[in-house]
Amino acid sequence: MELIPAYLEAAKATWRSPVYDHFDITLRHELDGRGRPSVLVFAFNCKVDPAHHPLHLRPRMSTGHGTKNIHDRVKACNKHLGITTGTITIKSTGEPYSTAAHCTLIAMRCAKNHRPFNSVLDEDYQAEVEMLRPGTVLPGPQTVSRDIKLIYAEMSKNVWNYFIVSLLQSFYIV
């Protein structure tokens, strides 16, 4: 593998922002006055509409200074194409609100996403819940912990039954 492609892949592996997916990124040598390579520069070329968006160049040593200019380029591209971003659509289950279902969702969120039980004490989360459903009383961290243990105990019975049935079926299949 050549040095430049290897360096490019190594650099891309450290970039966390999804904004880079909008571009074809290459690494190239800029030449000095004598025609000799002097600096390495990342070239960001819009994948979506390259004809209407100029190439964005970023010196190799300046990649740790944030992504604001690159974000601005993506926003300009999306605006030019009429693409709106930043809106999130929440799919409704159609189920009416119930305290039990809400407690279950909180417990599942904590368990699945490795969130601490005391995340229900977060002021921003409480403000969000109040905005979406004013007057909602959130469970405490101990309740969330207890609910997770209860869900685990009940679901483990289903797993146990699944394996028992599978084992019994394997004896009867010839």
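Residues numbered from 1 in each chain as written. Predicted model: local features only at pLDDT ≥ 70, side-chain atom pairs only at ≥ 80, totals over all residues. Heavy atoms only, no water.

1. What about the confidence of the model for the protein chain?
Turning to step 1, where the next piece is worked out: Per-residue confidence for the protein chain gives a mean pLDDT of 79; residues scoring 70 or more make up 83%.
Turning to step 2, where the next piece is worked out: The spread of mean pLDDT over the elements of the protein chain runs between helix α1 (residues 3–14), the lowest at 66, and helix α4 (residues 123–132), the highest at 92. (pLDDT = per-residue confidence, 0-100. Helix = DSSP H or I, 4+ residues; strand = E, 2+ residues; numbered from the N terminus.)

2. Section: the packing of helix α3 (residues 99–112) against helix α5 (residues 141–172)
Turning to step 1, where the next piece is worked out: Their axes nearest at 9 Å, the elements α3 and α5 cross at an angle of 85°. Classed by the angle they form, the pair α3 and α5 counts as roughly perpendicular. Only Val144, Asp147, Ile148 and Ile151 of α5 make contact with α3, whose side of the interface consists of Cys103, Thr104, Ile106, Ala107, Met108, Cys110 and Ala111.
Turning to step 2, where the next piece is worked out: Of the residues belonging to the contact of α3 with α5, the class tally is nine nonpolar, one polar and one charged. (Axes fitted to C-alpha atoms, helices over the stretch in contact; angles between N-to-C directions. Parallel < 35°, antiparallel > 145°, perpendicular 65-115°, else oblique. Contact = heavy atoms within 4.5 Å. Nonpolar A, V, L, I, M, F, W, Y, C, P; charged D, E, K, R; others polar.)

3. Things to note about the pairing of strand β3 (residues 56–59)
If a strand is regular, its side chains alternate between the two faces of the sheet.
Turning to step 1, where the next piece is worked out: With burial as the criterion, only one face of β3 is covered, namely that bearing His56 and Arg58; the residues Leu57 and Pro59 on the opposite face remain uncovered.
Turning to step 2, where the next piece is worked out: Looking at chain direction, strand β2 (residues 37–46) and β3 are connected through four bridges and run antiparallel. From the neighbouring strand, Phe42 faces β3, where its bridge partner is Arg58. (Buried < 20%, exposed > 50% of the residue type's maximum accessible area, 1.4 Å probe, protein only. Pairing = 2+ DSSP bridges.)

4. Notes on the nonpolar core
Turning to step 1, where the next piece is worked out: Counting residues in each nonpolar core, the largest one holds 10 residues, listed as Trp15, Val19, Tyr20, Phe23, Ile25, Leu27, Phe42, Phe44, Ile70 and Val74.
Turning to step 2, where the next piece is worked out: Secondary structure elements with two or more residues in this core: β1 (23–31), β2 and α2 (68–81).
Turning to step 3, where the next piece is worked out: Sorting elements by how many residues they give to this core places β1 first, with three residues.
Turning to step 4, where the next piece is worked out: When residues no more than four places from it in sequence are discounted, the contact partners of Phe44 are Trp15, Tyr20, Phe23, Asp24, Ile25, Leu55, His56, Arg58 and Ile70.
Turning to step 5, where the next piece is worked out: Core analysis: the next-biggest nonpolar cluster, separate from the first, contains nine residues, Ala107, Cys110, Tyr125 and Val129 among them. (Core = buried A, V, L, I, M, F, W, Y, C linked by side-chain atoms within 4.5 Å.)

5. Things to note about a nonpolar patch on the surface
Turning to step 1, where the next piece is worked out: Among the surface-exposed residues, Trp160, Ile164, Leu167, Leu168, Phe171 and Tyr172 lie close enough to one another that they form a single nonpolar patch of about 730 Å² accessible area.
Turning to step 2, where the next piece is worked out: With respect to the secondary-structure elements, Ile164 resides in helix α5.
Turning to step 3, where the next piece is worked out: The partly exposed category is assigned to Ile164, whose relative accessible area is 32%. (Patch = residues over 30% accessible without salt bridge, like charges linked within 9 Å, V, L, I, M, F, W, Y side chains within 5 Å. Areas by Shrake-Rupley, 256 points an atom, 1.4 Å probe, with all protein chains shown as cover. Salt bridge = Lys/Arg side-chain N within 4 Å of Asp/Glu carboxyl O.)

6. Notes on a negative patch on the surface
Turning to step 1, where the next piece is worked out: Together, Asp122, Glu123, Asp124 and Glu128 make up a region of like negative charge exposed at the surface.
Turning to step 2, where the next piece is worked out: With respect to the helices and strands, the residue Asp122 is situated in the loop between α3 and α4. (Lys, Arg positive; Asp, Glu negative; His and termini not counted. Charge placed at Lys NZ, Arg CZ, Asp CG, Glu CD.)

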